[in-house]
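An overview of the molecular structure
Each chain, written out:
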Amino acid sequence: MTKIAVLPGDGIGPEITEAALMVLDKAKEVFGLEIETQKGLFGGCAYETYGTPFPEETWQLVQESNAVLLGAVGGPQWDNLPRNLRPESALLGIRKKLGLYCNIRPVKFYSILADKVVWKPEILEGVDLVILRELTGGAYFGKKGREGDSAYDTMEYNREEIERIVRDAFEMAQGRKKVLHSIDKANVLETSGLWREIVIEMSKDYPEVRLEHLYVDNAAIQLVINPKQFDVIVTENLFGDILSDQAAAIAGSLGMLPSASLGGEINLYEPAHGSAPDIAGQDKANPLATILSLAMLLRHTCKHEQAAQAVEKAVEQVLEEGYATGDIAGANSKRVGTKEMAKLVSECVSG
Ligand code: NAD
């Protein structure tokens, strides 16, 4: 039995997680999956009830689970709270407590959304890549400070931090197209020098995987002019933050971008977007990023590749049939709301 803690959060969070749960019900039925879900309060809604965005009750629930499916948190009504009580602080808290060091962001181009992207469609046709971003080290977590008119952030990495994510990346590349791009700035940064040395050492354990090194500035250009060359990309925290947002533009909408954060025994799955307070409660939110995050949960936590692919194929089928929420709708789309989109996708999930 797999237990999932579902933390809907704020804004559109409850609508998009409900949509994902509808698809999960269908996947359970089709594949005979033994999965149990339980909801918990997290973010602004938890602050309203418990006076804290990440209450002990929710942490307890998470610890008793095998995975977390998160909606999104935050909203203007909590923006003036002290930093440690703001909903977004709960996100940092849960990632830290669960030791999530590897953020995975798949980016896929759906040709039906071609008019939503600024690229020429022929450059994007067939793009289906995954970025693995190191999440707990580097400049965001190193020593930082200010002295008068000077400021500094220290970028630090050790062997263990690099090895664990690079191993995940090689494993993923091995199971996909057997191509791995490691992004660094080894011509300038010491941390990148160590990163590259370790990647080269570890590549000997994966002789079938073709390894390419790119400097981050070149990677930024290559992602624009020839994104098709990439399949699995691995990089450190700061570079990954920027490159994954850059690559996100390929998908045409924030509502299309799932993510997984892996680390310890309990992994976290969530859409890449926020709580979209401007459209909350109006049945307008695109639930596909959350549904695709659920597919990642089926793949990485339940180890059920067939179910994961069935959900991904269902999403593709519904898009190809021309259904779209407002954020991805074009002139010829059949416009649907959050609930209808979830129903359409669940109907298409088949074994
Ligand atoms: P946002 O991602 O919530 O929204 C940006 C724009 O994209 C908005 O116009 C929104 O309507 C649209 N959008 C986002 N997701 C969509 C979806 N699924 N379907 C259709 N349209 C969608 O970012 P923001 O406006 O900068 O932040 C709003 C709140 O969310 C803030 O409180 C912020 O702190 C929080 N936030 C939370 C997370 C998270 O929970 N992981 C991440 C980012 C921002």
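The present account deals with the structure reproduced in this document. What you see as residue numbers is a count from 1 along each chain, following the sequence as written. Residue-level local features of this predicted model are given only where pLDDT is at least 70; pairs of side-chain atoms are given and counted only at 80 or more, and the full residue set underlies all totals for whole chains, interfaces and linings. The side-chain values count all of the structure's non-hydrogen atoms but skip hydrogen atoms and water molecules.

1. Remarks on empty space enclosed by the protein
Here is the rule we go by: Using a 1 Å grid laid over the protein atoms alone, points where a 1.4 Å probe fits but cannot get out form a cavity; open sets with protein on both sides within 12 Å along at least 5 of 7 lines form a pocket; any residue with an atom within 4 Å of a point counts as lining. Grid points are joined across faces, edges and corners, and a volume is the space filled by probe spheres set on the points. The secondary structure listing takes helices from DSSP runs of H or I that are at least 4 residues long and strands from runs of E that are at least 2 residues long, numbered from the N terminus. Amino acids outside the nonpolar list (Ala, Val, Leu, Ile, Met, Phe, Trp, Tyr, Cys, Pro) and the charged list (Asp, Glu, Lys, Arg) are all regarded as polar, and Gly is one of them.
Overall, the coordinates contain one cavity of 30 Å³ or more when judged by the stated rule. In this structure, the largest cavity encloses a volume near 40 Å³. Forming the walls of the largest cavity are Met155, Tyr157, Ile183, Asp184, Thr191, Ser192, Trp195, Glu236 and Phe239. Secondary-structure elements contributing two or more residues to the lining of the largest cavity are strand S8 (179-184) and helix H7 (190-203). Among the elements that make up the lining of the largest cavity, the one with the highest residue count is H7 (three residues). For the lining of the largest cavity, the per-class residue count stands at five nonpolar, two polar and two charged.

2. Side note on the site of the ligand
How we decide: By convention in this text, a residue qualifies as near a molecule or strand provided that one of its non-hydrogen atoms is within 4 Å of it. Counting of polar contacts relies on pairs of N or O atoms within 3.5 Å, with two restrictions inside protein: one atom must be capable of donating a hydrogen and the other of accepting it, and residues adjacent in sequence are counted only when both atoms are side-chain atoms. A 1.4 Å probe and the Shrake-Rupley method give the accessible areas. Residues count as covered only by the protein chains that appear here.
Taken together, 20 residues surround the ligand, and among them Val73, Glu88, Gly274, Ala276 and Asn286 come closest. Between an oxygen atom of the ligand and a side-chain N or O atom of aspartate 278, the distance comes to 2.9 Å. The protein chains hide 68% of the 800 Å² of surface that the ligand would expose on its own.

3. Side note on the pattern of salt bridges
To be explicit about the condition: In the sections that follow, a salt bridge refers to a side-chain nitrogen of Lys or Arg positioned within 4 Å of a carboxyl oxygen of Asp or Glu. Only protein chains enter the accessibility calculation, which uses a 1.4 Å probe; a residue is then buried when its area is under 20% of its type maximum, exposed when over 50%, and partly exposed in between.
This model, assessed by the stated rule, comprises 18 salt bridges. In this structure, arginine 95 and glutamate 270 form a salt bridge, with 3.0 Å as the shortest nitrogen-oxygen distance. Here the residue arginine 95 occupies a position in helix H4 (residues 87-97), and glutamate 270 occupies one in strand S12 (residues 267-271), the gap between them amounting to 175 residues. Ionic pairing is found between glutamate 201 and arginine 159, a salt bridge with its closest N-O pair at 3.0 Å. With glutamate 201 in helix H7 and arginine 159 in helix H6 (residues 159-175), the pair connects residues that are 42 residues apart, well separated along the chain. Under the relative-accessibility criterion, glutamate 201 is labelled partly exposed at 38%. Under the relative-accessibility criterion, arginine 159 is labelled partly exposed at 35%.

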